[in-house]
Amino acid sequence: MSTLVIAEHDNISIKPATLNAVAAAQQLGPEVDILVVGGDCAAAAQAAAAIPGIGKVLCADNAAYAHQLAENVSLLIAEVATPYDNVVAPATTSGKNTMPRVAALLDVAQISDIISIESADTFTRPIYAGNVIATVQSNDGKKVITVRTTAFDGVAAEGGSASVESVTSVHDAGISSFVREEVAVSDRPELTAASIVISGGRGMQNGDNFKLLEGIADKLGAAIGASRAAVDAGFVPNDYQVGQTGKIVAPDLYIAVGISGAIQHLAGMKDSKVIVAINKDGDAPIFQVADYGLVADLFTALPEFEAAI
Amino acid sequence: MKALVAVKRVVDYNVKVRAKADGSDVELNNVKMAINPFCEIAVEEAVRLKEAGTVTEIVVVSVGGKSSQEQIRTALALGADRGIHVEVDGRLEPLEIAKLLKGVVDKEQPNLVILGKQSIDGDNNQTGQMLGALTGMPQGTFASEIKIDGDTLSVIREIDGGLQTLKLKMPAIVTTDLRLNEPRYASLPNIMKAKKKPLDVVSPADMGIELKTHITQLSVAPPPERSAGIKVENVAQLVDKLKNEAKVIS
(Lines give C-alpha, C1' and ligand atoms only; values in the text may rest on other atoms or scores of the structure.)
Protein backbone atom coordinates (compact mmCIF):
# COMPACT_ATOMS: atom_id res chain seq x y z
CA MET A 1 0.00 0.00 0.00
CA SER A 2 1.77 3.16 -1.17
CA THR A 3 0.51 6.71 -0.84
CA LEU A 4 1.39 9.95 -2.58
CA VAL A 5 0.73 13.09 -0.52
CA ILE A 6 0.26 16.35 -2.40
CA ALA A 7 2.08 19.04 -0.41
CA GLU A 8 0.43 22.34 0.48
CA HIS A 9 3.17 24.94 0.18
CA ASP A 10 4.06 28.46 -0.96
CA ASN A 11 7.16 27.40 -2.99
CA ILE A 12 9.37 28.31 -0.03
CA SER A 13 7.99 26.42 2.93
CA ILE A 14 5.58 23.58 3.68
CA LYS A 15 2.21 24.58 5.16
CA PRO A 16 1.16 22.76 8.36
CA ALA A 17 -1.83 21.19 6.51
CA THR A 18 0.70 18.97 4.72
CA LEU A 19 1.73 17.47 8.07
CA ASN A 20 -1.89 16.53 8.82
CA ALA A 21 -2.22 14.91 5.40
CA VAL A 22 0.99 12.93 5.95
CA ALA A 23 -0.38 11.72 9.29
CA ALA A 24 -3.49 10.39 7.53
CA ALA A 25 -1.37 8.85 4.77
CA GLN A 26 0.76 7.00 7.31
CA GLN A 27 -2.39 5.41 8.73
CA LEU A 28 -3.02 3.95 5.29
CA GLY A 29 0.42 2.32 5.15
CA PRO A 30 4.09 2.99 5.82
CA GLU A 31 5.10 3.82 2.23
CA VAL A 32 4.48 7.56 1.88
CA ASP A 33 6.03 9.87 -0.72
CA ILE A 34 5.38 13.59 -1.09
CA LEU A 35 4.86 15.52 -4.32
CA VAL A 36 5.80 19.20 -4.28
CA VAL A 37 4.49 20.88 -7.41
CA GLY A 38 5.20 24.55 -7.97
CA GLY A 39 7.50 27.12 -9.56
CA ASP A 40 10.91 27.76 -7.97
CA CYS A 41 9.82 25.38 -5.26
CA ALA A 42 13.17 23.73 -4.42
CA ALA A 43 13.12 25.21 -0.92
CA ALA A 44 9.67 23.76 -0.26
CA ALA A 45 10.85 20.36 -1.53
CA GLN A 46 13.82 20.50 0.86
CA ALA A 47 11.46 21.36 3.71
CA ALA A 48 9.25 18.39 2.77
CA ALA A 49 12.32 16.11 2.79
CA ALA A 50 12.81 16.95 6.47
CA ILE A 51 9.47 15.36 7.42
CA PRO A 52 10.34 12.09 9.20
CA GLY A 53 9.16 8.74 7.82
CA ILE A 54 8.89 9.80 4.18
CA GLY A 55 10.18 7.57 1.36
CA LYS A 56 11.08 10.34 -1.06
CA VAL A 57 10.05 13.78 -2.19
CA LEU A 58 9.12 14.29 -5.83
CA CYS A 59 9.62 17.86 -6.98
CA ALA A 60 7.92 19.15 -10.14
CA ASP A 61 9.39 22.62 -10.54
CA ASN A 62 8.21 24.53 -13.58
CA ALA A 63 6.80 27.95 -14.44
CA ALA A 64 3.59 26.20 -15.63
CA TYR A 65 2.98 25.13 -12.00
CA ALA A 66 4.00 28.41 -10.35
CA HIS A 67 0.52 29.34 -9.15
CA GLN A 68 -0.70 25.77 -8.92
CA LEU A 69 -3.43 26.26 -11.50
CA ALA A 70 -5.75 23.27 -11.25
CA GLU A 71 -5.85 22.74 -15.03
CA ASN A 72 -2.08 22.17 -15.23
CA VAL A 73 -1.35 20.63 -11.84
CA SER A 74 -4.11 18.02 -12.10
CA LEU A 75 -2.62 16.65 -15.32
CA LEU A 76 0.75 16.27 -13.62
CA ILE A 77 -0.65 14.67 -10.45
CA ALA A 78 -2.70 12.19 -12.48
CA GLU A 79 0.49 11.15 -14.28
CA VAL A 80 2.69 10.93 -11.16
CA ALA A 81 -0.07 9.00 -9.34
CA THR A 82 0.29 5.98 -11.66
CA PRO A 83 2.28 3.65 -9.36
CA TYR A 84 0.50 4.67 -6.13
CA ASP A 85 -2.52 3.09 -4.42
CA ASN A 86 -3.65 6.35 -2.82
CA VAL A 87 -3.35 10.04 -3.53
CA VAL A 88 -3.95 12.21 -0.46
CA ALA A 89 -4.19 15.99 -0.10
CA PRO A 90 -5.38 18.26 2.70
CA ALA A 91 -8.96 19.54 2.21
CA THR A 92 -7.80 23.15 1.92
CA THR A 93 -9.13 25.46 -0.80
CA SER A 94 -6.16 24.35 -2.88
CA GLY A 95 -6.78 20.62 -2.36
CA LYS A 96 -10.52 21.08 -2.93
CA ASN A 97 -9.80 22.94 -6.16
CA THR A 98 -7.39 20.45 -7.70
CA MET A 99 -8.09 16.95 -6.42
CA PRO A 100 -11.55 16.34 -7.97
CA ARG A 101 -9.96 17.13 -11.34
CA VAL A 102 -7.29 14.52 -10.60
CA ALA A 103 -9.92 11.95 -9.61
CA ALA A 104 -11.94 12.53 -12.80
CA LEU A 105 -8.79 12.20 -14.94
CA LEU A 106 -8.13 8.86 -13.21
CA ASP A 107 -11.82 7.87 -13.56
CA VAL A 108 -12.16 7.25 -9.83
CA ALA A 109 -14.26 8.82 -7.09
CA GLN A 110 -12.84 11.33 -4.65
CA ILE A 111 -13.47 10.70 -0.99
CA SER A 112 -13.77 14.24 0.36
CA ASP A 113 -12.90 15.58 3.76
CA ILE A 114 -12.32 12.31 5.65
CA ILE A 115 -12.16 12.49 9.44
CA SER A 116 -11.02 8.91 10.13
CA ILE A 117 -9.56 5.87 8.42
CA GLU A 118 -11.33 2.65 9.44
CA SER A 119 -9.41 0.37 7.06
CA ALA A 120 -7.55 0.59 3.75
CA ASP A 121 -10.80 1.22 1.86
CA THR A 122 -13.22 2.48 4.52
CA PHE A 123 -13.42 6.02 5.83
CA THR A 124 -15.70 8.32 7.78
CA ARG A 125 -16.67 11.78 6.62
CA PRO A 126 -19.17 14.41 7.74
CA ILE A 127 -22.19 15.03 5.50
CA TYR A 128 -25.17 17.39 5.85
CA ALA A 129 -23.03 20.09 7.45
CA GLY A 130 -21.74 17.68 10.07
CA ASN A 131 -25.20 16.66 11.27
CA VAL A 132 -24.40 13.11 10.23
CA ILE A 133 -21.18 11.11 9.92
CA ALA A 134 -21.14 8.67 7.01
CA THR A 135 -18.98 5.56 6.86
CA VAL A 136 -18.08 4.95 3.22
CA GLN A 137 -16.23 2.20 1.39
CA SER A 138 -14.34 2.83 -1.82
CA ASN A 139 -14.55 0.26 -4.61
CA ASP A 140 -11.87 1.96 -6.70
CA GLY A 141 -8.41 0.45 -7.17
CA LYS A 142 -6.81 3.84 -6.73
CA LYS A 143 -8.16 6.19 -4.10
CA VAL A 144 -8.14 9.96 -4.25
CA ILE A 145 -8.70 11.37 -0.77
CA THR A 146 -8.87 14.79 0.82
CA VAL A 147 -8.30 15.00 4.55
CA ARG A 148 -9.98 17.28 7.08
CA THR A 149 -6.82 18.59 8.68
CA THR A 150 -8.29 19.15 12.14
CA ALA A 151 -9.14 15.44 12.42
CA PHE A 152 -5.53 14.23 12.15
CA ASP A 153 -2.71 15.45 14.41
CA GLY A 154 0.14 16.62 12.22
CA VAL A 155 3.43 14.68 12.08
CA ALA A 156 6.70 16.39 13.01
CA ALA A 157 8.10 18.82 10.45
CA GLU A 158 11.77 18.12 11.19
CA GLY A 159 14.07 15.19 11.79
CA GLY A 160 13.93 13.28 8.51
CA SER A 161 16.24 13.37 5.51
CA ALA A 162 14.42 11.91 2.51
CA SER A 163 15.87 12.21 -0.97
CA VAL A 164 14.46 14.71 -3.46
CA GLU A 165 13.85 13.56 -7.04
CA SER A 166 12.96 15.86 -9.92
CA VAL A 167 9.87 15.27 -12.00
CA THR A 168 10.43 16.79 -15.41
CA SER A 169 7.01 16.36 -17.09
CA VAL A 170 5.49 19.67 -18.01
CA HIS A 171 1.75 20.04 -18.50
CA ASP A 172 0.54 23.44 -19.60
CA ALA A 173 -3.09 23.26 -20.68
CA GLY A 174 -2.88 26.91 -21.78
CA ILE A 175 -6.49 27.66 -20.80
CA SER A 176 -5.99 29.51 -17.52
CA SER A 177 -3.63 32.12 -16.18
CA PHE A 178 -2.89 33.73 -12.85
CA VAL A 179 -3.56 37.45 -12.49
CA ARG A 180 -3.06 38.32 -8.84
CA GLU A 181 -3.58 37.26 -5.28
CA GLU A 182 -4.65 39.47 -2.39
CA VAL A 183 -3.78 37.69 0.77
CA ALA A 184 -5.00 39.46 3.87
CA VAL A 185 -1.95 40.71 5.75
CA SER A 186 -2.31 40.48 9.48
CA ASP A 187 -0.07 40.24 12.52
CA ARG A 188 -2.49 37.71 13.92
CA PRO A 189 -2.14 33.97 13.32
CA GLU A 190 -4.01 32.34 10.46
CA LEU A 191 -7.49 31.21 11.47
CA THR A 192 -6.98 27.51 10.73
CA ALA A 193 -3.55 27.39 12.42
CA ALA A 194 -4.24 29.52 15.54
CA SER A 195 -4.21 27.91 18.99
CA ILE A 196 -6.81 30.43 20.19
CA VAL A 197 -9.72 31.74 18.11
CA ILE A 198 -12.24 34.39 19.14
CA SER A 199 -15.28 34.68 16.87
CA GLY A 200 -18.15 37.14 16.70
CA GLY A 201 -21.67 36.56 15.47
CA ARG A 202 -24.78 38.54 14.68
CA GLY A 203 -24.81 39.72 18.29
CA MET A 204 -21.83 41.98 17.49
CA GLN A 205 -24.41 44.20 15.71
CA ASN A 206 -21.93 45.79 13.28
CA GLY A 207 -18.42 45.56 11.87
CA ASP A 208 -17.08 48.34 14.10
CA ASN A 209 -17.86 46.34 17.21
CA PHE A 210 -15.41 43.64 16.08
CA LYS A 211 -12.81 46.04 17.52
CA LEU A 212 -13.95 44.73 20.90
CA LEU A 213 -12.56 41.33 19.85
CA GLU A 214 -9.32 42.76 18.46
CA GLY A 215 -7.93 43.91 21.81
CA ILE A 216 -8.58 40.48 23.30
CA ALA A 217 -7.13 38.72 20.26
CA ASP A 218 -3.96 40.82 20.51
CA LYS A 219 -3.54 39.99 24.19
CA LEU A 220 -4.09 36.25 23.66
CA GLY A 221 -2.31 35.93 20.30
CA ALA A 222 -5.61 34.74 18.89
CA ALA A 223 -7.09 34.73 15.39
CA ILE A 224 -10.46 36.40 14.79
CA GLY A 225 -13.34 34.51 13.19
CA ALA A 226 -17.02 35.04 12.58
CA SER A 227 -20.25 33.15 12.08
CA ARG A 228 -21.93 33.00 8.70
CA ALA A 229 -24.63 35.33 10.05
CA ALA A 230 -22.00 37.99 10.76
CA VAL A 231 -20.47 37.51 7.31
CA ASP A 232 -23.84 37.61 5.56
CA ALA A 233 -24.70 40.82 7.44
CA GLY A 234 -21.50 42.33 6.02
CA PHE A 235 -19.78 42.87 9.39
CA VAL A 236 -16.56 41.14 8.25
CA PRO A 237 -15.15 39.56 5.07
CA ASN A 238 -16.00 36.00 4.08
CA ASP A 239 -12.53 34.66 4.92
CA TYR A 240 -13.41 35.16 8.60
CA GLN A 241 -16.18 32.60 8.33
CA VAL A 242 -15.98 29.55 10.59
CA GLY A 243 -18.42 26.80 9.68
CA GLN A 244 -19.25 23.97 7.34
CA THR A 245 -19.11 26.25 4.29
CA GLY A 246 -16.28 28.35 5.69
CA LYS A 247 -13.20 27.34 7.63
CA ILE A 248 -12.97 24.33 9.90
CA VAL A 249 -10.99 25.11 13.05
CA ALA A 250 -10.01 23.11 16.13
CA PRO A 251 -7.92 25.38 18.38
CA ASP A 252 -7.07 24.78 22.04
CA LEU A 253 -9.48 27.56 22.98
CA TYR A 254 -12.46 28.81 20.97
CA ILE A 255 -14.38 31.82 22.26
CA ALA A 256 -17.79 32.35 20.63
CA VAL A 257 -19.19 35.82 21.24
CA GLY A 258 -22.74 36.74 20.29
CA ILE A 259 -23.05 33.52 18.30
CA SER A 260 -26.26 31.54 18.73
CA GLY A 261 -24.72 28.26 17.56
CA ALA A 262 -26.37 27.29 14.26
CA ILE A 263 -25.45 23.75 13.22
CA GLN A 264 -23.49 25.08 10.28
CA HIS A 265 -21.27 27.08 12.66
CA LEU A 266 -20.91 24.22 15.17
CA ALA A 267 -19.69 21.98 12.34
CA GLY A 268 -16.75 24.32 11.91
CA MET A 269 -15.57 24.56 15.53
CA LYS A 270 -16.94 21.78 17.71
CA ASP A 271 -13.66 19.85 17.71
CA SER A 272 -11.99 22.71 19.61
CA LYS A 273 -10.48 21.52 22.89
CA VAL A 274 -12.11 24.16 25.10
CA ILE A 275 -15.14 26.17 24.02
CA VAL A 276 -16.29 29.37 25.71
CA ALA A 277 -19.61 30.98 24.84
CA ILE A 278 -20.61 34.52 25.72
CA ASN A 279 -24.21 35.29 24.83
CA LYS A 280 -27.03 37.19 26.49
CA ASP A 281 -29.58 34.51 25.51
CA GLY A 282 -29.15 31.72 28.03
CA ASP A 283 -31.11 29.32 25.81
CA ALA A 284 -28.82 29.74 22.78
CA PRO A 285 -27.74 26.34 21.38
CA ILE A 286 -24.08 27.36 21.60
CA PHE A 287 -24.27 26.69 25.37
CA GLN A 288 -24.97 23.01 24.65
CA VAL A 289 -21.43 22.59 23.35
CA ALA A 290 -19.63 25.14 25.50
CA ASP A 291 -17.34 24.05 28.32
CA TYR A 292 -17.76 27.45 29.92
CA GLY A 293 -20.83 29.53 29.25
CA LEU A 294 -21.30 33.11 30.35
CA VAL A 295 -24.80 34.57 30.02
CA ALA A 296 -24.04 38.26 29.70
CA ASP A 297 -24.26 41.29 27.47
CA LEU A 298 -21.14 41.10 25.33
CA PHE A 299 -20.73 44.88 25.34
CA THR A 300 -20.03 44.83 29.07
CA ALA A 301 -18.40 41.38 29.25
CA LEU A 302 -15.78 41.91 26.52
CA PRO A 303 -14.11 45.02 28.04
CA GLU A 304 -14.08 43.29 31.44
CA PHE A 305 -12.59 40.16 29.86
CA GLU A 306 -9.91 42.17 28.08
CA ALA A 307 -8.97 43.91 31.31
CA ALA A 308 -8.82 40.64 33.25
CA ILE A 309 -6.46 38.70 30.98
CA MET B 1 -23.65 33.44 -25.42
CA LYS B 2 -25.24 30.40 -23.85
CA ALA B 3 -25.00 29.62 -20.12
CA LEU B 4 -25.69 26.19 -18.67
CA VAL B 5 -26.58 26.13 -14.97
CA ALA B 6 -26.71 22.91 -12.94
CA VAL B 7 -29.08 22.71 -9.98
CA LYS B 8 -29.55 19.99 -7.38
CA ARG B 9 -32.56 19.05 -5.29
CA VAL B 10 -31.47 18.74 -1.65
CA VAL B 11 -32.95 18.84 1.83
CA ASP B 12 -33.89 22.44 2.68
CA TYR B 13 -31.06 24.09 4.60
CA ASN B 14 -33.35 24.89 7.53
CA VAL B 15 -34.10 21.21 8.18
CA LYS B 16 -32.07 19.48 10.86
CA VAL B 17 -31.18 16.19 9.23
CA ARG B 18 -31.03 13.03 11.32
CA ALA B 19 -29.73 9.54 10.78
CA LYS B 20 -32.41 6.81 10.61
CA ALA B 21 -32.58 4.64 13.70
CA ASP B 22 -31.11 1.64 11.81
CA GLY B 23 -28.21 3.79 10.57
CA SER B 24 -28.83 2.87 6.94
CA ASP B 25 -29.21 6.43 5.69
CA VAL B 26 -30.50 9.84 6.69
CA GLU B 27 -34.24 10.28 7.20
CA LEU B 28 -35.66 11.87 4.06
CA ASN B 29 -39.33 10.98 4.48
CA ASN B 30 -41.61 14.02 4.78
CA VAL B 31 -38.63 16.35 4.75
CA LYS B 32 -38.87 19.68 2.94
CA MET B 33 -36.74 19.71 -0.22
CA ALA B 34 -35.35 22.75 -2.01
CA ILE B 35 -32.85 23.93 -4.56
CA ASN B 36 -29.31 23.71 -3.15
CA PRO B 37 -28.37 27.23 -1.88
CA PHE B 38 -25.11 27.37 -3.89
CA CYS B 39 -27.04 26.33 -7.04
CA GLU B 40 -29.51 29.15 -6.39
CA ILE B 41 -26.55 31.56 -6.47
CA ALA B 42 -25.50 29.95 -9.78
CA VAL B 43 -28.95 30.57 -11.29
CA GLU B 44 -28.95 34.17 -10.05
CA GLU B 45 -25.54 34.86 -11.59
CA ALA B 46 -26.69 33.56 -14.97
CA VAL B 47 -29.85 35.67 -14.78
CA ARG B 48 -27.81 38.78 -13.97
CA LEU B 49 -25.53 38.09 -16.95
CA LYS B 50 -28.61 37.81 -19.14
CA GLU B 51 -30.03 41.04 -17.77
CA ALA B 52 -26.69 42.70 -18.54
CA GLY B 53 -26.95 41.47 -22.12
CA THR B 54 -23.89 39.20 -21.91
CA VAL B 55 -25.81 35.93 -21.90
CA THR B 56 -28.61 35.34 -24.39
CA GLU B 57 -29.89 31.94 -23.29
CA ILE B 58 -29.89 30.16 -19.93
CA VAL B 59 -30.34 26.39 -19.91
CA VAL B 60 -30.88 24.81 -16.50
CA VAL B 61 -30.09 21.15 -15.94
CA SER B 62 -30.73 18.86 -13.00
CA VAL B 63 -29.68 15.25 -12.52
CA GLY B 64 -31.91 13.22 -10.23
CA GLY B 65 -35.29 11.61 -9.67
CA LYS B 66 -38.54 12.85 -11.22
CA SER B 67 -39.13 15.31 -8.40
CA SER B 68 -36.00 17.25 -9.44
CA GLN B 69 -38.29 18.87 -12.02
CA GLU B 70 -39.64 21.05 -9.18
CA GLN B 71 -36.18 22.59 -8.78
CA ILE B 72 -35.84 23.04 -12.54
CA ARG B 73 -39.20 24.89 -12.50
CA THR B 74 -37.90 27.07 -9.66
CA ALA B 75 -34.86 27.99 -11.76
CA LEU B 76 -37.12 28.69 -14.75
CA ALA B 77 -39.22 30.98 -12.53
CA LEU B 78 -36.04 32.81 -11.51
CA GLY B 79 -35.22 33.53 -15.14
CA ALA B 80 -33.76 30.47 -16.90
CA ASP B 81 -35.15 29.91 -20.42
CA ARG B 82 -35.47 26.15 -20.67
CA GLY B 83 -34.78 23.04 -18.65
CA ILE B 84 -33.18 19.64 -19.10
CA HIS B 85 -33.91 16.88 -16.64
CA VAL B 86 -31.50 13.96 -16.66
CA GLU B 87 -33.67 11.39 -14.96
CA VAL B 88 -31.82 8.99 -12.67
CA ASP B 89 -33.12 7.38 -9.49
CA GLY B 90 -31.10 6.44 -6.46
CA ARG B 91 -27.87 7.65 -4.96
CA LEU B 92 -25.62 9.51 -7.38
CA GLU B 93 -21.93 10.19 -7.00
CA PRO B 94 -20.27 13.43 -8.13
CA LEU B 95 -18.20 11.66 -10.81
CA GLU B 96 -21.32 10.12 -12.35
CA ILE B 97 -23.18 13.45 -12.20
CA ALA B 98 -20.17 15.11 -13.87
CA LYS B 99 -20.26 12.48 -16.65
CA LEU B 100 -23.96 13.10 -17.24
CA LEU B 101 -23.39 16.87 -17.25
CA LYS B 102 -20.62 16.35 -19.80
CA GLY B 103 -23.20 14.60 -21.98
CA VAL B 104 -25.39 17.71 -21.74
CA VAL B 105 -22.41 20.03 -22.38
CA ASP B 106 -21.49 18.04 -25.51
CA LYS B 107 -24.98 18.52 -26.88
CA GLU B 108 -25.63 22.10 -25.78
CA GLN B 109 -22.12 23.55 -26.30
CA PRO B 110 -22.50 26.32 -23.68
CA ASN B 111 -19.90 29.10 -23.40
CA LEU B 112 -20.24 29.14 -19.64
CA VAL B 113 -21.25 26.48 -17.10
CA ILE B 114 -22.17 27.67 -13.61
CA LEU B 115 -22.56 25.26 -10.69
CA GLY B 116 -22.69 25.57 -6.90
CA LYS B 117 -19.36 24.89 -5.21
CA GLN B 118 -20.93 22.09 -3.18
CA SER B 119 -24.30 20.65 -2.34
CA ILE B 120 -25.38 20.78 1.27
CA ASP B 121 -26.29 17.08 1.40
CA GLY B 122 -23.12 15.22 0.42
CA ASP B 123 -20.79 18.21 1.01
CA ASN B 124 -18.43 16.75 -1.60
CA ASN B 125 -17.34 19.90 -3.46
CA GLN B 126 -16.33 17.93 -6.57
CA THR B 127 -18.78 18.09 -9.47
CA GLY B 128 -17.67 21.35 -11.13
CA GLN B 129 -13.99 20.44 -10.99
CA MET B 130 -14.70 16.94 -12.34
CA LEU B 131 -16.74 18.38 -15.19
CA GLY B 132 -13.73 20.60 -15.92
CA ALA B 133 -11.43 17.60 -16.20
CA LEU B 134 -13.88 15.61 -18.35
CA THR B 135 -14.55 18.47 -20.79
CA GLY B 136 -11.05 19.96 -20.71
CA MET B 137 -12.52 23.32 -19.66
CA PRO B 138 -10.79 25.65 -17.20
CA GLN B 139 -12.44 26.30 -13.85
CA GLY B 140 -12.99 29.24 -11.53
CA THR B 141 -14.01 27.56 -8.29
CA PHE B 142 -15.37 29.29 -5.17
CA ALA B 143 -16.07 32.43 -7.21
CA SER B 144 -17.02 35.69 -5.51
CA GLU B 145 -16.95 37.81 -8.68
CA ILE B 146 -16.92 37.06 -12.41
CA LYS B 147 -16.47 39.29 -15.45
CA ILE B 148 -16.71 38.38 -19.10
CA ASP B 149 -14.61 40.19 -21.70
CA GLY B 150 -14.87 38.66 -25.19
CA ASP B 151 -13.91 35.02 -24.79
CA THR B 152 -12.04 35.62 -21.53
CA LEU B 153 -13.59 35.03 -18.15
CA SER B 154 -12.05 36.83 -15.21
CA VAL B 155 -12.80 35.20 -11.86
CA ILE B 156 -12.09 36.32 -8.31
CA ARG B 157 -11.86 33.22 -6.12
CA GLU B 158 -12.12 32.83 -2.35
CA ILE B 159 -9.02 30.99 -1.18
CA ASP B 160 -7.56 30.31 2.28
CA GLY B 161 -6.47 33.67 3.63
CA GLY B 162 -7.59 35.90 0.76
CA LEU B 163 -8.66 36.30 -2.85
CA GLN B 164 -7.16 35.05 -6.09
CA THR B 165 -7.88 36.42 -9.57
CA LEU B 166 -7.61 34.13 -12.61
CA LYS B 167 -8.24 34.61 -16.31
CA LEU B 168 -9.87 31.65 -18.05
CA LYS B 169 -10.32 30.93 -21.73
CA MET B 170 -14.00 30.28 -22.49
CA PRO B 171 -15.83 27.96 -22.58
CA ALA B 172 -15.25 27.79 -18.85
CA ILE B 173 -16.71 26.51 -15.60
CA VAL B 174 -17.57 28.59 -12.55
CA THR B 175 -18.48 27.24 -9.13
CA THR B 176 -20.18 29.71 -6.82
CA ASP B 177 -19.26 30.82 -3.33
CA LEU B 178 -21.63 32.61 -0.97
CA ARG B 179 -20.63 36.14 -1.80
CA LEU B 180 -21.04 35.98 -5.58
CA ASN B 181 -24.54 37.46 -5.26
CA GLU B 182 -27.72 37.43 -3.23
CA PRO B 183 -30.41 35.41 -5.04
CA ARG B 184 -33.81 36.98 -5.69
CA TYR B 185 -37.18 35.44 -4.96
CA ALA B 186 -39.36 34.25 -7.81
CA SER B 187 -42.46 36.39 -8.34
CA LEU B 188 -45.87 34.74 -8.66
CA PRO B 189 -46.34 35.77 -12.34
CA ASN B 190 -42.89 34.32 -13.11
CA ILE B 191 -43.76 31.08 -11.31
CA MET B 192 -46.86 30.82 -13.52
CA LYS B 193 -44.86 31.61 -16.68
CA ALA B 194 -42.23 29.01 -15.74
CA LYS B 195 -44.83 26.26 -16.05
CA LYS B 196 -45.00 26.92 -19.78
CA LYS B 197 -41.25 27.00 -20.42
CA PRO B 198 -39.82 23.95 -22.22
CA LEU B 199 -38.42 21.09 -20.14
CA ASP B 200 -36.82 18.09 -21.85
CA VAL B 201 -36.30 14.78 -20.09
CA VAL B 202 -33.35 12.58 -21.04
CA SER B 203 -31.96 9.36 -19.60
CA PRO B 204 -28.32 8.35 -19.16
CA ALA B 205 -28.92 5.71 -21.85
CA ASP B 206 -30.05 8.43 -24.29
CA MET B 207 -26.59 9.95 -23.89
CA GLY B 208 -24.86 6.57 -24.04
CA ILE B 209 -23.60 6.86 -20.46
CA GLU B 210 -23.44 3.88 -18.14
CA LEU B 211 -23.37 4.67 -14.42
CA LYS B 212 -21.01 3.00 -11.99
CA THR B 213 -20.78 2.78 -8.22
CA HIS B 214 -17.43 3.84 -6.88
CA ILE B 215 -18.39 4.39 -3.27
CA THR B 216 -20.70 2.41 -1.03
CA GLN B 217 -22.24 4.14 1.95
CA LEU B 218 -22.05 1.54 4.70
CA SER B 219 -23.80 3.46 7.47
CA VAL B 220 -24.59 6.87 8.88
CA ALA B 221 -24.56 7.95 12.50
CA PRO B 222 -25.01 11.11 14.49
CA PRO B 223 -21.73 12.85 15.34
CA PRO B 224 -20.31 12.24 18.81
CA GLU B 225 -22.12 14.44 21.30
CA ARG B 226 -20.17 17.14 23.00
CA SER B 227 -21.58 17.49 26.47
CA ALA B 228 -22.40 20.90 27.82
CA GLY B 229 -20.06 22.23 30.47
CA ILE B 230 -20.89 24.73 33.16
CA LYS B 231 -22.26 28.23 33.26
CA VAL B 232 -20.01 30.71 34.98
CA GLU B 233 -21.39 33.62 36.99
CA ASN B 234 -19.19 36.41 35.75
CA VAL B 235 -16.10 37.37 33.78
CA ALA B 236 -13.77 36.97 36.77
CA GLN B 237 -14.88 33.37 37.27
CA LEU B 238 -14.51 32.69 33.52
CA VAL B 239 -10.93 33.98 33.47
CA ASP B 240 -10.13 31.96 36.60
CA LYS B 241 -11.48 28.76 35.01
CA LEU B 242 -9.55 29.34 31.78
CA LYS B 243 -6.31 29.98 33.68
CA ASN B 244 -6.48 27.43 36.44
CA GLU B 245 -8.85 24.65 35.34
CA ALA B 246 -8.59 24.46 31.55
CA LYS B 247 -5.11 26.02 31.56
CA VAL B 248 -5.60 27.44 28.06
CA ILE B 249 -4.54 30.99 28.88
CA SER B 250 -1.77 32.16 31.15
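Further up the page is the structure itself.
All values derive from a computational prediction rather than experimental measurement.

A. Structural context of the overall build of chain A. Counting secondary structure elements, chain A contains 8 helices and 16 strands. Here the C-alpha radius of gyration of chain A, 21 Å, is about what a compact globule of 309 residues would show, namely 19 Å. Each of the three principal axes of chain A carries a C-alpha extent, and together these read 60 × 40 × 40 Å. Going through the 309 residues of chain A one by one, you find that 59% of them count as buried. Within chain A, residue pairs in contact and separated by at least 24 positions form 65% of the contacts whose partners lie at least 6 positions apart.

B. Layout of the sheet that holds strand E4 (residues 57-64) of chain B. Taken in spatial order, the 10 strands of this open sheet run E11(A)-E9(B)-E8(B)-E7(B)-E10(B)-E6(B)-E1(B)-E4(B)-E5(B)-E11(B), and their pairing is mixed. The open sheet is flanked by strand E11 (176-183) of chain A together with strand E11 (199-202) of chain B, the only strands paired with a single partner. With strand direction ignored, the average angle separating the axes of adjacent strands in the sheet is 25°. Helix H1 (residues 37-51) of chain B contacts strand E1 (2-6), E4, strand E6 (112-116), strand E7 (139-149) and strand E10 (172-176) of chain B of the sheet and is inclined by roughly 150° relative to E6(B).

C. Summary view of the interface of chain A and chain B. Counting residues at the interface gives 71 residues for chain A, matched by 63 residues for chain B. Where strand E8 (residues 132-138) of chain A meets strand E12 (residues 215-221) of chain B, 6 bridges bridge the pair, whose relative direction is antiparallel. Across the sheet, residue A:Thr135 finds its bridge partner in E12(B), namely B:Ser219.

D. Quick look at the nonpolar core. The biggest cluster of nonpolar side chains holds 186 residues, and the ones touching the most others in it are A:Leu35, A:Val36, A:Val276, B:Val5, B:Val43 and B:Val60. At 8 residues, helix H1 (residues 16-28) of chain A tops the list of elements feeding residues into this core. When sequence neighbours within four positions are dropped, the list of residues in contact with B:Val60 reads B:Val5, B:Val7, B:Val43, B:Ile72, B:Ala75, B:Leu76, B:Ala80 and B:Gly83.

E. Structural view of unusual backbone geometry. That bond from B:Met170 to B:Pro171 is cis: its omega, 5°, falls within 30 degrees of zero. Backbone geometry places A:Gln205, a non-glycine residue, at a positive phi of 75°. Topologically, A:Gln205 is positioned in the loop between strand E12 (196-200) and helix H5 (211-220). A:Gln205 sits in the partly exposed class, given 15 other C-beta atoms within 10 Å.

F. How the structure looks around the pairing of E1(B). All names here are of chain B. Among the 5 residues in E1, 4 count as buried, and that is most of the element. With 3 bridges connecting them, E1 and E6 associate as parallel partners. Across the sheet, residue Ala3 finds its bridge partner in E6, namely Leu112.

G. Inspection of the sheet that holds E12(B) at higher detail. Ordered by their spatial adjacency, 4 strands build an open sheet running E6(A)-E7(A)-E8(A)-E12(B), and the pairing between neighbours is antiparallel. The outermost strands of the open sheet, each flanked by one partner alone, are strand E6 (116-119) of chain A together with E12 of chain B. Across this sheet, the average inter-strand angle for adjacent strands is 30°, counted without regard to direction.

H. Summary view of the pairing of strand E5 (residues 82-87) of chain B. Residue and element names in this part refer to chain B. Looking at chain direction, E4 and E5 are connected through 6 bridges and run parallel. Looking at E5, one finds that Val60 is bridged to Gly83. Viewed along the sheet, the connection from E4 through helix H2 (residues 68-78) into E5 turns out right-handed. In the sheet, E5 pairs with E11 via 4 bridges, with the strands oriented parallel. Within the sheet, the bridge partner assigned to Ile84 lies in E11 and is Asp200.

I. Highlighting the environment of B:Glu44. Residues and elements named next belong to chain B. One can find Glu44 in helix H1. When the C-alpha positions of Glu44 and Leu78 are compared, they lie 7.4 Å apart, and in sequence the two are 34 residues distant. Each residue touching Glu44, except ones within four places of it in the same chain, is listed here: Leu78, Asn181, Pro183 and Arg184.

Calculation notes
Residues numbered from 1 in each chain as written. Chains lettered and ligands numbered in written order. Predicted model: local features only at pLDDT ≥ 70, side-chain atom pairs only at ≥ 80, totals over all residues. Helix = DSSP H or I, 4+ residues; strand = E, 2+ residues; numbered from the N terminus. Rg over C-alpha atoms; globule rule 2.2 N^0.38 Å. Buried ≥ 20, exposed ≤ 12 C-beta atoms within 10 Å, placed from the backbone. Contact = placed C-beta atoms within 7 Å. Pairing = 2+ DSSP bridges. Axes fitted to C-alpha atoms, helices over the stretch in contact; angles between N-to-C directions. Core = buried A, V, L, I, M, F, W, Y, C linked by C-beta atoms within 7 Å. Right-handed = clockwise from strand over helix to strand, strands pointing away.

Purely geometric stuff here, so don't read any function into it on its own.
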